[in-house]
Amino acid sequence: MASSTAPAPRPAYASLVLSILFFVYVLNFLDRQLLSILAKPVQDELGITDGQLGLLGGLYFALFYCVLGVPVAWLADRGNRVRILALACALWSAATIACGLARSYPQLAAARMAVGIGEAGGVPPSYSIISDYFPPHRRGIALALYNLGPPIGSALGVAFGAAIAAAYDWRLAFILLGIAGLAAAAITWIVVREPRRGATDAPVEVTEDAPPPAFWPALRLFFANPALRLVALAGGATQFVTYATLNFTTLFLMREKGMALSEIAVWYALLLGVVVSGGTYVSGWLIDRFSARRPEAYGLVPGIALILAVPCFVGFVSAPSWPVAMLFLAGSTCLNCFYLTPSVTLVQNMVPAQRRTISGAVLLLVMNLIGLGLGPTYLGAMSDWLRAGHPDNPLQMAFYSLIPFYALAAGLYLALARTLARTKGAQS
């Protein structure tokens, strides 16, 4: 085994790489959420139900996105992560264009599945690349900045998608976004250099000649760790709430709170861009600030935030008008996003460099199968089921049914905090 003494990447170039990966993540999440943002005009033209919409944004997308993410990450741990990321970006962008060309529900479903196939190669390689460009003491902030991709992507998606749909046509929004993604794929391929694995780790941590483990042993190593199991399940329970809410908030605000598409393009976009970005950054700062001395912070930060989010969520669902609903939504949305950066940073810091990509992919597999796959699917089906008894507000009643999942997610993160505290005590 050889310890590496090669210099770490230059900070200026590392920042450039982070910026490019962030931009690709923005497009990744924008592509993923554009359908939920344009749910009302898509429903009106194609005649699809809330349940069918939930399947498009949930199970149909997540099956491919989640299941393929792990083998793609296994390949990335053994090959060129940058090339895999660029090719994946090109694939999901072409599939986004296909969404804009769909003329029926089956065509749209097939295009969404193709988007999921492409996006499977997006995030796990990026987590690993960032971890090899930034040392452990700066990794929390770097990953927090990268994880601003979802809120910025959602905000731009709302502003861009709603404005284009209101002024022209919802199909044009998909087509333009797909073209932008193809350009981003080319930039990634040309500009970003594949970093040496473990380049920013301490020399004792890096075994340059050690190959990455085989596929199934890598999975067993992940699930054999109690902390990694808990963080994956806790993240999944959290995403059950967040993805269910995110996929139906625009439709809820328009159909049951009386908000116009032009108002969505301004106010909801601002809300996502500001409060989620702030929450994501603050959670990363808290982890860098406290986790070195108190590793249980990886569980306490998201657990406490989720408890505080519940009254805000209830206020959002029950508000009598959309301006009041937006005030409460700002609070719950900000607190909801405190889970992601602590979860990702914990996994990246707990595993060796040779297993970071596949470990990040396993984390996303569990979180997204539970959250992205089941959350929107559940909420859409619940809305259809409640429509007979509550024809004027089926989504409102369906949203109330998400409250127990808040309690489950918070409890799992607090259990993670206890596990990490016991592990620290045993090592002392």
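Overview of the structure. (Residues numbered from 1 in each chain as written. Predicted model: local features only at pLDDT ≥ 70, side-chain atom pairs only at ≥ 80, totals over all residues. Heavy atoms only, no water.)

1. So, the nonpolar core
Across soluble globular proteins, nonpolar side chains have a tendency to be buried as a group.
Argument step 1. Core analysis: the biggest nonpolar cluster contains 140 residues, and L38, Y127 and Y268 have the highest contact counts within it.
Argument step 2. The element best represented in this core is helix α12 (residues 226–255), accounting for 17 residues. (Core = buried A, V, L, I, M, F, W, Y, C linked by side-chain atoms within 4.5 Å. Buried < 20%, exposed > 50% of the residue type's maximum accessible area, 1.4 Å probe, protein only. Helix = DSSP H or I, 4+ residues; strand = E, 2+ residues; numbered from the N terminus.)

2. Looking at the pattern of salt bridges
Argument step 1. Scanning all chains against the criterion turns up seven salt bridges.
Argument step 2. Residues R294 and E296 are paired through a salt bridge, measuring 2.9 Å at the closest nitrogen-oxygen approach.
Argument step 3. Through salt bridges with shared partners, a single network forms among D50, R255 and R387. (Salt bridge = Lys/Arg side-chain N within 4 Å of Asp/Glu carboxyl O.)

3. A closer look at the environment of A305
Argument step 1. Take A305: it is sitting in helix α14 (residues 297–318).
Argument step 2. Each C-alpha atom, one on A305 and one on S283, is 9.6 Å from the other, the two residues being 22 residues apart in sequence.

4. Focus on the packing of aromatic side chains
Argument step 1. The tally for this structure, following the rule as stated, stands at 15 aromatic pairs.
Argument step 2. Judged by centre distance (5.9 Å) and plane angle (55°), the ring pair of Y13 and Y133 falls under tilted. Pair noted here: Y13 is in helix α1 (residues 11–37) and Y133 is in the loop between α7 (123–131) and α8 (136–146), with a separation of 120 residues, a long-range link.
Argument step 3. Judged by relative accessible area, which is 10%, Y13 ranks as buried.
Argument step 4. You can call Y133 buried: its relative accessible area is 5%.
Argument step 5. Between the aromatic rings of F222 and F223, the centroid separation amounts to 5.3 Å while the plane-to-plane angle is 75°, which identifies the pairing as edge-to-face.
Argument step 6. The exposure class of F222 is buried, given its relative accessible area of 0%.
Argument step 7. Pairwise contacts between aromatic rings join F252, F313, F316, F399 and Y406 into one cluster.
Argument step 8. In this structure, R83 packs its charged tip against the face of W189, placed 4.3 Å from the ring centre.
Argument step 9. The ring of F290 carries R289 above its face, with NZ or CZ at 5.1 Å from the centroid. (Phe/Tyr/Trp six-rings, centres within 6.5 Å; stacked < 30°, edge-to-face > 60°. Lys NZ or Arg CZ within 6 Å of the ring centre and 35° of its normal.)

5. Some thoughts on the state of the cysteines
Argument step 1. Per the stated rule, a full pass over the model turns up zero disulfides.
Argument step 2. With no disulfide of its own, C99 lies closest to C89 among cysteine sulfurs, the gap being 15 Å.
Argument step 3. Given the relative accessible area of 1%, C99 is considered buried.
Argument step 4. Sulfur of C337: no disulfide; nearest cysteine sulfur belongs to C334 and is 5.3 Å away. (Disulfide = S-S within 2.5 Å.)

6. A look at empty space enclosed by the protein
If you roll a probe as big as a water molecule over the atoms, it shows you where there is empty space left.
Argument step 1. Evaluated as defined, the whole model comprises four cavities of 30 Å³ or more.
Argument step 2. Taken as a whole, the largest cavity spans an internal volume of roughly 440 Å³.
Argument step 3. Along the wall of the largest cavity there are 30 residues; nearest its centre are F29, P150, T242, L246 and Y339.
Argument step 4. Of all the secondary structure elements, the ones that give two or more residues to the lining of the largest cavity are α1, α7, α9 (149–167), α12, α13 (261–290), α15 (322–336) and α17 (356–386).
Argument step 5. No other element matches α12, which puts six residues into the lining of the largest cavity.
Argument step 6. Of the residues assigned to the lining of the largest cavity, the class counts are 18 nonpolar, 11 polar and one charged.
Argument step 7. Reported here for the second largest cavity is a volume of approximately 50 Å³. (1 Å grid on protein atoms, 1.4 Å probe; cavity = no way out; pocket = protein on both sides within 12 Å on 5 of 7 lines; lining within 4 Å. Points joined across faces, edges and corners; volume = space filled by probe spheres on them. Nonpolar A, V, L, I, M, F, W, Y, C, P; charged D, E, K, R; others polar.)

7. Some words on α17
Argument step 1. Relative to the 45 Å expected for 31 residues at 1.5 Å per residue, α17 spans 43 Å between its end C-alpha atoms, a close match to the ideal helical length.
Argument step 2. At N368, α17 shows its maximal kink, close to 40°.
Argument step 3. Across the 31 residues of α17, 24 count as buried, placing the element largely inside the fold. (Expected span 1.5 Å × (residues − 1). Bend = angle between axes of the 7 residues up to and from the residue.)

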